[in-house]
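The chain contents come next:
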Amino acid sequence: MTALVDAMACYDIDRRDIHLLSLGCVESDFAFSEDQMTKGGIWHWKEIISSAMRLQSQNALGQAGLLIDRDHLLRVDGEPMLDAIELDDYHRAAVELPAIAKQLVDLHSERLTNFFGEQRPQSREPPLVPRYENSLVIQRQKAHEYSR
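What you are looking at is a predicted structure, and each value in this text was computed from that prediction instead of being measured.

What counts as what
Residues numbered from 1 in each chain as written. Predicted model: local features only at pLDDT ≥ 70, side-chain atom pairs only at ≥ 80, totals over all residues. Heavy atoms only, no water. Helix = DSSP H or I, 4+ residues; strand = E, 2+ residues; numbered from the N terminus. Buried < 20%, exposed > 50% of the residue type's maximum accessible area, 1.4 Å probe, protein only. Contact = heavy atoms within 4.5 Å. Areas by Shrake-Rupley, 256 points an atom, 1.4 Å probe, with all protein chains shown as cover. Polar contact = N/O pair within 3.5 Å; in protein donor to acceptor, adjacent residues only side chain to side chain. Phe/Tyr/Trp six-rings, centres within 6.5 Å; stacked < 30°, edge-to-face > 60°. Expected span 1.5 Å × (residues − 1). Salt bridge = Lys/Arg side-chain N within 4 Å of Asp/Glu carboxyl O.

**Q** Help me out: how do you make sense of the overall build of the protein in this one?
**A** For the protein, the helix and strand inventory stands at seven helices and two strands. The order of α-helices and β-strands along the protein, N terminus first, is α-β-α-α-α-β-α-α-α. The 148 residues of the protein split such that 22% are buried. Contacts spanning at least 24 positions in sequence make up 77% of the contacts within the protein whose residues lie at least 6 apart. Split by element, the accessible area of the protein, about 11400 Å² in all, is 57% carbon and sulfur.

**Q** Looking at this structure, how should I read unusual backbone geometry?
**A** Residues other than glycine predominantly adopt negative phi, and peptide bonds predominantly adopt the trans conformation. Within the chain, D69 stands out as a residue other than glycine whose phi angle is a positive 80°. If you trace the backbone, D69 turns up in the loop between α4 (48–68) and β2 (73–76). Residue D69 is classed as partly exposed on the basis of its relative accessible area, which comes to 33%.

**Q** Looking at this structure, I do not really get the side chain of R92. What am I missing?
**A** Looking at where R92 falls in the secondary structure, it is placed in helix α5 (residues 90–107). At 2.6 Å, the side chain of R92 forms a polar contact with the side chain of E96. If sequence neighbours within four positions are ignored, R92 has contacts with M81, D83, A84, I85 and L97.

**Q** Explain the packing of aromatic side chains here, please?
**A** Given two aromatic rings, their pairing is described by the distance between the two centres and the angle made by the two planes. By the definition in use, this model includes one aromatic pair. Taking the centre distance of 5.1 Å and the plane angle of 85° together, the rings of F115 and F116 count as edge-to-face. For F115, a relative accessible area of 12% gives the class buried. Classification of F116 as exposed rests on a relative accessible area of 53%.

**Q** Is there a simple way to think about the environment of L107 in this case?
**A** Examined against the element boundaries, L107 turns out to sit in helix α5. Relative accessible area serves as the criterion here: at 63%, L107 is assigned to the exposed category. Residues L107 and V76, 31 residues apart in the sequence, show an inter-C-alpha distance of 9.4 Å.

**Q** I'm lost on α4 in this one. Help?
**A** Quick reminder: α-helices carry 3.6 residues per turn. Residues three or four places apart thus point the same way. Over its 21 residues, α4 runs 30 Å from end to end, which matches the ideal 30 Å to within 8%, given 1.5 Å per residue. When we look at burial in α4, the residues that qualify are S51, A60, L61, A64, G65 and I68. Once α4 ends, the next one or two residues include D69, with phi positive near 80°.

**Q** Before we go on, may I ask you to explain the pattern of salt bridges in this structure?
**A** One side chain can pair with another of opposite charge once the charged atoms of both are near each other. Evaluated as defined, the whole model comprises six salt bridges. E96 is the partner of R92 in a salt bridge, and the nearest nitrogen-oxygen pair spans 2.6 Å. Of this pair, R92 and E96 both sit in helix α5, four residues apart, roughly one helical turn. Exposure remark for R92: the relative accessible area of 18% places this residue in the buried category. The closest approach of N and O atoms between K102 and D106, which form a salt bridge, is 3.1 Å. Of this pair, K102 and D106 both sit in helix α5, four residues apart, which is roughly one turn of that helix. Within the structure, one salt-bridge network assembled from shared partners comprises D83, R92 and E96.

Next comes the structure, spelled out in structure tokens:
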């Protein structure tokens, strides 16, 4: 969503010229436990961050679809897992995710072929530059320069 807004606002790209590929990260099934529903409290809600991140992601995807139309948006995501891969579990991710990625590419091959097979717009002369000093691209460039 951030990249979409940046492209539209800072580079003056028309929303109908944007096609967006969104790659999911294989979510886990989420359900409220009996303790969460009846007892509440911070201990019983300690895993709420996963739910909040999932809802934020779904909201951003919905907003992107409203801005550029759903037919300009391709979301590729795996089926929810019962035993989710934790965000910091590199070893398990390295073992399991390549096979999941291949399965998803095979499953969505036609749509991915269409997505990447469309002719891209010609590059503009002069090249696109941000319209605003506060664009995320400019902020990242400045942060990179300061970190040297």
